Amino acid sequence: MKRYLSILVVFCLTVLSVASLGTVALAASTGTKVIGVAYDNFLLDDGSIWVKNSNGPIRKNLDIAQIVGYGKEGFGVTKKGELVSWDYITEPTVDTKQTGISQLVYGSYLKTDGTLWSTDGYKMTSNVRLIGGSGGSLAYLTKSGVLSAAGVEENYTLSDAASIIAIDATVMEYNKGRTATLSSSGEVMIYDERNIDYENGWKIIPEKVTSDASGIVFADNGQLLVTLKDGTVWVTGDYEYRYKLEKQLTGIKNVKQISALKDDESFYFLTNSGDWKLYKYGLEKPIEIPKVADLTFDLSNLTPNVGDSIKAEISETYSTGETKKVPLSQATVQIDKPHLLKVIGNGTFKALGVGVSKVTVTSGTAAKTLTVTTSLSANLKNAAQIKNVTYVPIQSVFKSLGGTVVYTAASKTFDIKVGSTAIKLKSGEAKATVNDKEVVLGGPIQTANGTAVFPAALLTKVFGAKLQWDAKYKTITILFGAAKMKIETPETANVLKREALGTLTKYIGKSYWSNHVPGADRFIKLTIIDIIPDASKDFVIVFQTTKGVKVKSSVLYGSSAVESYLATDYYLLTYDPYKKYNWSTKIWTAVKAEKIGVGMTKDQVLLSWGNPSSSSVVSGSGITIETWGYGLSQYVTFTNGKVSQIYTL
């Protein structure tokens, strides 16, 4: 009865399909030479791998030493012996938990300790010296010389004779029930599960193919391609010739190794000179490492403010016409002033300090540089002019430049670092030390408005900054190219406030009497002590009572709203009602509570309820009847000037 080895679906190096004969192109790399091929996957001499999957071409340098693949999926081994994997969707990734790998086939690997593992982390067996797989399955050779297949219910020992012969094998391939071995002397043996000696213990009969080989590999169709030591390539035949070298391939010579093949008409091969080439339909072509024809690099904002995030978009267009978006995390990025700008997560940069920086992205020999000009969105405070010298604050200025400031109280010194520039300042001294060189200042380091300050001219001497003093607004603008920061003096706020208030300043100091001002009792005296503008030129009026209590109005939108508010007697009265009206305490209590009653005068109702929304008057026979309406349903009737009726409809 015939026995069959079960197939574990494992594929080794298989051919890259090429629609038409021509130069094969890879994505660009700093590597200059192909040293490994595995279907759509290529390994370059810098340890980088180039693959194509559903996301397009992917380039990644993981310091890889070996790769195997099938289609758009594959595995690799780093020079540290770590497993690398990728598939149709995911890019090559190192699995640091699977290490110590010495030999790799698609789906399985052999460790240096002789254990055989699947790439999903399952230990298959141990005491293994050599593995081989091609065209869909796996075989392994134990250290004791037993040649077996993986995935069977029990290890299938090919034969005692096979064990003795195969123990010298240095290369092994397995395909469709056949195992081929290559010894160090060049002998090729085939062990075919269908070639059984039924009369002598059901043992597989070893078949010698040649004794002058340098390489072997199975094609997907089951043919064995053998590279001879003279650099020629031969193919075994069919049926009774399946163990014989039947045909020599034409148009190919000086071959050392064959890889990634589908049949004997289409495959990649390594020449004796170390170059990988494509063989197809009797012709050979070199593999070209393509160049980046165009590199696109864009930033969402080239003039950010300190603290802003800047989105980056990078794409490469290769000489093959393919375009690939490159994540910022995978790009080669150089920032000339990293204290001003840095790469953060999610494909963005962050602006750190005021200044002009250049960001360069490179890919192969292509490069694109953008200039980022970063300014401050908000003005700094506490500049000062002392004896005709403009001073600016130490801490806030240098930190806004992306620097660090360390103050030592014992020595009264400031140690400052801005990029590669080191500055030391000391309170009371009119000099600075810049990169160990002394720089004379226009005045001593001192304290102004409770803040340590230094002469702004130091920024010109050290960083080439331009200084612009604004005499009107009492501010200094410091320019680093087109980047800028502005620093205000304590006087600046008053200047800006006077400008924002304009003619509203005439109301400051005027007194009114509260009618309906939130937070204030009715009819108390209020004096305007301030009118506060904001950046949108809206205002809040600050009142003060005779007892010193401050009361604020709601936000008033524009200067006209301020004037309207002050002129509306619903909010404020321009007279002291207690002096104008000599009413009884009972009447004042009712009016303050916004209550009315029969017998009240029109002035009392007006002060209590305000102006009516409607009114009507009827006179006759010396009697005048007047009716005021409030809202839609409340009415008050006066007879000869006094309330005679209050009713609701």
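Refer to the preceding data block for the structure.
A brief structural summary.

Criteria and cut-off values
- Residues numbered from 1 in each chain as written.
- Predicted model: local features only at pLDDT ≥ 70, side-chain atom pairs only at ≥ 80, totals over all residues.
- Heavy atoms only, no water.
- Helix = DSSP H or I, 4+ residues; strand = E, 2+ residues; numbered from the N terminus.
- Buried < 20%, exposed > 50% of the residue type's maximum accessible area, 1.4 Å probe, protein only.
- Contact = heavy atoms within 4.5 Å.
- Phe/Tyr/Trp six-rings, centres within 6.5 Å; stacked < 30°, edge-to-face > 60°.
- Lys NZ or Arg CZ within 6 Å of the ring centre and 35° of its normal.
- Patch = residues over 30% accessible without salt bridge, like charges linked within 9 Å, V, L, I, M, F, W, Y side chains within 5 Å.
- Areas by Shrake-Rupley, 256 points an atom, 1.4 Å probe, with all protein chains shown as cover.
- Salt bridge = Lys/Arg side-chain N within 4 Å of Asp/Glu carboxyl O.
- Pairing = 2+ DSSP bridges.
- Axes fitted to C-alpha atoms, helices over the stretch in contact; angles between N-to-C directions.
- Core = buried A, V, L, I, M, F, W, Y, C linked by side-chain atoms within 4.5 Å.

With that settled, consider the overall build of the protein chain. Regarding its fold elements, the protein chain presents eight helices and 59 strands. Dimensions of the protein chain, computed from C-alpha atoms along their principal axes, come out at roughly 145 × 80 × 50 Å. Across the 649 residues in the protein chain, those meeting the buried criterion constitute 46%. Look at the contacts in the protein chain between residues 6 or more apart in sequence, and 43% of them connect residues 24 or more apart.

Moving on, we get to unusual backbone geometry. Positive phi values are uncommon outside glycine, yet N382 reaches one of about 75 degrees. Relative to the elements of secondary structure, N382 occurs in the loop between β38 (366-374) and β39 (384-386). A relative accessible area of 24% places N382 in the partly exposed class. Despite not being glycine, F523 has its phi angle at roughly 75 degrees, a positive value. Mapped onto the fold, F523 is located in the loop between β51 (511-514) and β52 (525-533).

For the coordinates displayed, the defined rule picks out 17 aromatic pairs. The interplanar angle of 35 degrees and the centroid separation of 4.6 Å between the aromatic rings of Y407 and F414 together place this pair among those described as tilted. For Y407, a relative accessible area of 39% gives the class partly exposed. Residue classification places F414 among the buried residues on the basis of a relative accessible area of 4%. One aromatic cluster in this structure is built from F523, Y575, Y578, Y581, W583 and W588. The ring of W117 has K111 sitting right over it, with the charged end atom 4.7 Å from the ring centre. A cation sits over an aromatic face here: K580 above Y575, 4.4 Å from the ring centre.

A contiguous nonpolar surface patch, about 250 Å² in accessible area, is contributed by V618, I623 and I625. With respect to the element layout, V618 can be found in strand β56 (residues 614-620). When its relative accessible area of 56% is taken as the criterion, V618 is described as exposed.

Attention now goes to the sheet that holds strand β48 (residues 466-470). Sheets are built from strands that pair by backbone hydrogen bonding, the pairs being arranged parallel or antiparallel. Strand order in this open sheet of three strands is β48-β49-β50, and the pairing throughout is antiparallel. Sheet topology places β48 and β50 (483-488) at the edges, where each strand pairs with a single neighbour. Taking the axes of each pair of neighbouring strands and ignoring which way they run, one obtains an average angle of 20 degrees across the sheet. Summarising the sheet, β48 and strand β49 (residues 475-480) pair through five bridges and their orientation is antiparallel. Bridging from a neighbouring strand, K466 pairs with L479 of β49.

Applying the stated rule across the entire model yields 13 salt bridges. A salt bridge links E187 to K208, with the nearest nitrogen and oxygen atoms 3.5 Å apart. Of this pair, E187 sits in the loop between β18 (178-183) and β19 (188-192) while K208 sits in strand β22 (residues 207-210), and the two are 21 residues apart along the sequence.

If you walk across this open sheet you meet the four strands as β6-β7-β8-β9, and the pairing is antiparallel. Single-partner strands in this sheet number two, and they are β6 (64-70) and β9 (93-95). Taking each pair of neighbouring strands and ignoring which way they run, the sheet shows an average axis angle of 25 degrees. Here four bridges tie strand β7 (residues 73-78) to strand β8 (residues 83-86), and the two strands are oriented antiparallel to one another. When the bridges of β8 are listed, G74 appears paired with W86.

Attention now goes to the nonpolar core. One finds F398, L425, F454 and L458 to be the most contacted residues of the largest nonpolar core, which totals 30 residues. Elements represented by at least two residues in this core include exactly α2 (394-400), β42 (413-418), β43 (421-426), β44 (431-434), α3 (457-463), β49 and β50. If you look at the next biggest cluster of nonpolar residues, it comprises 20 residues, including I335, L341, V361 and A366.

Function cannot be read off these values alone, since they describe shape.
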